[in-house]
Amino acid sequence: EAGVTQFPSHSVIEKGQTVTLRCDPISGHDNLYWYRRVMGKEIKFLLHFVKESKQDESGMPNNRFLAERTGGTYSTLKVQPAELEDSGVYFCASSPTSWDSAQYFGPGTRLLVL
Amino acid sequence: AQSVTQLGSHVSVSEGALVLLRCNYSSSVPPYLFWYVQYPNQGLQLLLKYTSAATLVKGINGFEAEFKKSETSFHLTKPSAHMSDAAEYFCAVSDGGGFKTIFGAGTRLFVKA
């Protein structure tokens, strides 16, 4: 069974540019989560999808971040325009049910905004 | 609100020695508690989880953790460290509703030969 995959693994962009991160969850997992880890800090929750619906987006930093999950399969996280403080590692995770809340994580996308 | 505190950003042990990584949590509801491990250039991998059953939880790779409600702790232990245990370890808590998981800042474990 394939795990959670994320693309790209690394991205280096300039301030003001747009970047789109992609996450493919484990097949059949209705729940998809995005997290971010800024260097030296803790991993912070960004948002949670149940299928294609946003269940909780309380962790999204601001309106420069837009997450979508069309058709309830893969998800994208777009940052537009990117700022220096957006640099960090963006993790995606998925889980099969809401009550069994152990999550399966992808390897992360390392974003550097210059 | 829930929170997690991991005591010690870095822990160093000798190979064969006891591993003890400390975690204290705060939760207004019965918590679900987790330990994850991250090896270099990989995603987080679940080591073990507590979901209100047995207070002593056994995980993969010989790790275990004990839930102590009176101390609001969920420390991770392994009797004998191996070089392959060198990684970063994260304690985490959720409210069990499958919603957001709150992570500690992480503890990086170094294992000396």
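The structure we're discussing is the one just above.
Worth saying up front: this structure is predicted, and the values here are computed from it rather than measured. (Residues numbered from 1 in each chain as written. Chains lettered and ligands numbered in written order. Predicted model: local features only at pLDDT ≥ 70, side-chain atom pairs only at ≥ 80, totals over all residues. Heavy atoms only, no water.)

Undergrad: Quick question: what am I supposed to make of the sheet that holds strand 1 (residues 5-7) of chain A here?
TA: Residue and element names in this part refer to chain A. Reading across the sheet, the 4 strands line up as 1-3-8-7 and stay open at both edges, with antiparallel pairing between neighbours. Looking at the sheet topology across the chains shown, the edges are occupied by strand 1 and strand 7 (65-68). Adjacent strand axes in the sheet meet at a mean angle of 15°, parallel and antiparallel pairs treated alike. Summarising the sheet, strand 1 and strand 3 (residues 19-24) pair through 3 bridges and their orientation is antiparallel. Its bridge partner being in strand 3, T5 is matched across the sheet by D24. (Pairing = 2+ DSSP bridges. Helix = DSSP H or I, 4+ residues; strand = E, 2+ residues; numbered from the N terminus. Axes fitted to C-alpha atoms, helices over the stretch in contact; angles between N-to-C directions.)

Undergrad: Quick question: what am I supposed to make of the nonpolar core here?
TA: The biggest cluster of nonpolar side chains holds 27 residues, and the ones touching the most others in it are B:W35, B:L48, B:F74, B:L76 and B:Y89. Looking at this core, the elements with two or more residues in it are strand 2 (10-14), strand 3 (19-26), strand 4 (32-38), strand 5 (44-50), strand 7 (64-68), strand 8 (73-78), strand 9 (87-94) and strand 11 (107-112) of chain B. Of all hydrophobic cores here, the second largest spans 21 residues; its members include A:V4, A:L21, A:Y90 and A:C92. (Core = buried A, V, L, I, M, F, W, Y, C linked by side-chain atoms within 4.5 Å. Buried < 20%, exposed > 50% of the residue type's maximum accessible area, 1.4 Å probe, protein only.)

Undergrad: In this structure, what is going on with the packing of aromatic side chains? I would like to understand it.
TA: Scanning the model with the defined rule gives 15 aromatic pairs over all chains in all. The interplanar angle of 25° and the centroid separation of 5.9 Å between the aromatic rings of B:Y25 and B:F67 together place this pair among those described as stacked. With B:Y25 in strand 3 and B:F67 in strand 7, this pair connects stretches of sequence that are 42 residues apart. We classify B:Y25 as buried; its relative accessible area is 8%. A centroid spacing of 6.3 Å and a plane angle of 50° characterise the contact between B:Y50 and B:F74, whose relative ring orientation is tilted. You can see B:Y50 sitting in strand 5 and its partner B:F74 sitting in strand 8, a full 24 residues away along the chain. Each residue in the set A:Y33, A:Y35, A:F45, A:F91, A:F105, B:F34, B:Y36, B:F90 and B:F103 is aromatic and connected to the rest through ring pairs, giving one cluster. (Phe/Tyr/Trp six-rings, centres within 6.5 Å; stacked < 30°, edge-to-face > 60°.)

Undergrad: Please explain unusual backbone geometry as it appears in this structure.
TA: With glycine set apart, most residues show a phi of negative sign, and most peptide bonds adopt trans. All names here are of chain A. The step from F7 to P8 runs through a cis peptide bond, and the omega angle for that step is -5°. If you trace the backbone, P8 turns up in the loop between strand 1 and strand 2 (10-13). Here Q80 and P81 are connected by a cis peptide whose omega angle stands at -10°. Note that P81 resides in the loop between strand 8 (75-79) and strand 9 (88-95). Although it is not a glycine, K51 sits at a positive phi angle of roughly 55°. Tracing the backbone shows K51 in the loop between strand 5 (43-50) and strand 6 (53-56).

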